[in-house]
Amino acid sequence: MRVIIKDSAADCASWVAGYIVYRIKKAAPTAKKPFVLGLPTGSTPLGVYKELIRLYQNNRVSFEHVVTFNMDEYVGLPPDDKNSYHYFMQENFFKHVNIHPKNIHILNGMTKDYAAECENYENNIKAYGGIDLMIGGVGSDGHIAFNEPFSSLSSRTRIKTLAPSTIKDNSRFFDNDISKVPTQALTIGIGTIMEAREVIIMANGNNKAEAIRQGIEGNINHMWTITALQQHQHGIIVCDADAASKLSQPTIEYFKSIENRVA
């Protein structure tokens, strides 16, 4: 595992956006062989999307041959609902860059057949040859995507009932009204995430500190689904100083010394 500890959330966003651009350029994608990018929603990646838009506007990157798969979507929210992840992605990223609409994939939370929707999503990912780079955040309880505590570490795309802590955390997007937050979501699984060629998990703030400690120093277990990243051959955690605050000093020094030598 590679761990990048930055001073601020803005520094984390800049690093991750730069890495995405680096990987896209290195892949030199074409229409026949696009770069496949897994994307998250929520407050954590907002800085990344802003920086990617800036880099695109400065002709530093093109998304013409990039295919995206979003991690999840709420059940019961139509795409034009301001709290849906379809809406979030359009407003905060897609409509500002040159990505083709046909290359955008987001789970349909309005489907009448959850099992078929999730199976088709898995098949679409496979049809593109898998995800090249998966970007994600982590919840305060250690969940990635909507793989809540006690999710199977080999799980696939499916419907999940959200944990009370997740509903509480996400209520900030619903006027701080817990009753407005959907209780279920469609989400890619831990097994799906782990099949990506590279995975980056981002974390900012003190409320993510325990999740980051568990993810880096804890044992692999389904109570903290972030710990599955320890088994990924190319897993990266990018966090700010606050999110790293519960790591032991030797752990912090170890990872910072490695990055200093790489730099």
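If you're wondering where the values come from, they're calculated on a predicted model, not measured in any experiment.

Rules behind the numbers
- Residues numbered from 1 in each chain as written.
- Predicted model: local features only at pLDDT ≥ 70, side-chain atom pairs only at ≥ 80, totals over all residues.
- Heavy atoms only, no water.
- Axes fitted to C-alpha atoms, helices over the stretch in contact; angles between N-to-C directions.
- Helix = DSSP H or I, 4+ residues; strand = E, 2+ residues; numbered from the N terminus.
- Parallel < 35°, antiparallel > 145°, perpendicular 65-115°, else oblique.
- Left-handed = near helix turned anticlockwise from the far one by under 90°.
- Contact = heavy atoms within 4.5 Å.
- Nonpolar A, V, L, I, M, F, W, Y, C, P; charged D, E, K, R; others polar.
- Phe/Tyr/Trp six-rings, centres within 6.5 Å; stacked < 30°, edge-to-face > 60°.
- Expected span 1.5 Å × (residues − 1).
- Buried < 20%, exposed > 50% of the residue type's maximum accessible area, 1.4 Å probe, protein only.
- Core = buried A, V, L, I, M, F, W, Y, C linked by side-chain atoms within 4.5 Å.
- Polar contact = N/O pair within 3.5 Å; in protein donor to acceptor, adjacent residues only side chain to side chain.
- Pairing = 2+ DSSP bridges.

Talk me through the packing of helix α1 (residues 9-27) against helix α2 (residues 46-57); I want residue IDs and the actual numbers.
It is the contact of α1 with α2, at a shortest axis distance of 8 Å, that shows an interaxial angle of 50 degrees. The angle between α1 and α2 places the two elements in the oblique class. For the pair α1 and α2, the sense of crossing is right-handed. Counted together, Ala-13, Ser-14, Val-16, Ala-17, Ile-20 and Val-21 of α1 and Gly-47, Val-48, Glu-51, Leu-52 and Leu-55 of α2 form the full contact between these two elements. Looking at the contact of α1 with α2 residue by residue, the class counts come to eight nonpolar, two polar and one charged.

Tell me about the packing of aromatic side chains, and please be specific about residues and values.
Counting across every chain of the model gives 12 aromatic pairs. Arranged with centres 5.2 Å apart and planes meeting at 10 degrees, the rings of Trp-15 and Tyr-19 form a pair that is stacked. Here the residue Trp-15 and the residue Tyr-19 both occupy positions in helix α1, the gap between them amounting to four residues, near one helical turn. Among the aromatic residues, those joined into a ring-pair cluster are Tyr-49, Phe-63, Phe-93 and Phe-94.

An account of α1 is needed here, citing residue identities and associated values.
Between its first and last C-alpha atoms α1 spans 27 Å; for 19 residues at 1.5 Å apiece the expected length is 27 Å, and the two agree. Within α1, the full set of buried residues consists of Cys-12, Ala-13, Trp-15, Val-16, Ala-17, Tyr-19, Ile-20, Val-21, Arg-23 and Ile-24. A positive phi of about 45 degrees marks Ala-28, the residue just after α1.

Break down the nonpolar core for me, with residues and values.
Ranked by internal contacts, the top residues of the largest apolar core, which has 38 residues, are Ile-193, Ile-212 and Ile-237. Put simply, the parts of the chain that give this core at least two residues each are β1 (2-6), β3 (66-70), α4 (114-127), α6 (190-194), β9 (198-203), α7 (209-217), β10 (235-240) and α8 (249-262). The contact partners of Ile-212, leaving out residues within four places of it in the chain, are Val-138, Ala-203, Ile-226, Ile-237, Cys-239, Ala-243 and Leu-247. In terms of nonpolar packing, the next biggest core, distinct from the first, is built from 35 residues, Met-89, Phe-93, Val-97 and Leu-133 among them.

Any details on the environment of Lys-180? Residues and values, ideally.
With respect to the helices and strands, the residue Lys-180 is situated in the loop between α5 (164-170) and β8 (184-187). For Lys-180, a relative accessible area of 45% gives the class partly exposed. Counting along the chain gives 13 residues from Lys-180 to Ile-167, while the straight-line C-alpha distance between them is 9.4 Å. With near-sequence residues (within four places) excluded, Lys-180 lies in contact with Phe-174 and Asp-175. Side-chain polar atoms of Lys-180 contact the side chain of Asp-175, separated by 3.1 Å.

With reference to specific residues and values, describe the sheet that holds strand β4 (residues 72-74).
Spatial strand order, β4-β8-β7: three strands in an open sheet with antiparallel pairing. Each of the sheet's edge strands pairs with one partner strand only, and the pair in question is β4 and β7 (158-161). Adjacent strand axes in the sheet meet at a mean angle of 30 degrees, parallel and antiparallel pairs treated alike.

Describe the sheet that holds β10, naming the residues involved and giving the relevant values.
Judged by pairing direction, the sheet is parallel, and its seven strands sit side by side in the order β1-β10-β9-β6-β2-β3-β5 without closing on themselves. With one partner strand each, in any of the chains shown, β1 and β5 (104-105) form the two edges of the open sheet. When β9 meets β10, the two strands line up parallel, connected through five bridges. Each residue of the ladder has a partner; that of Ile-200, found in β10, is Ile-236.

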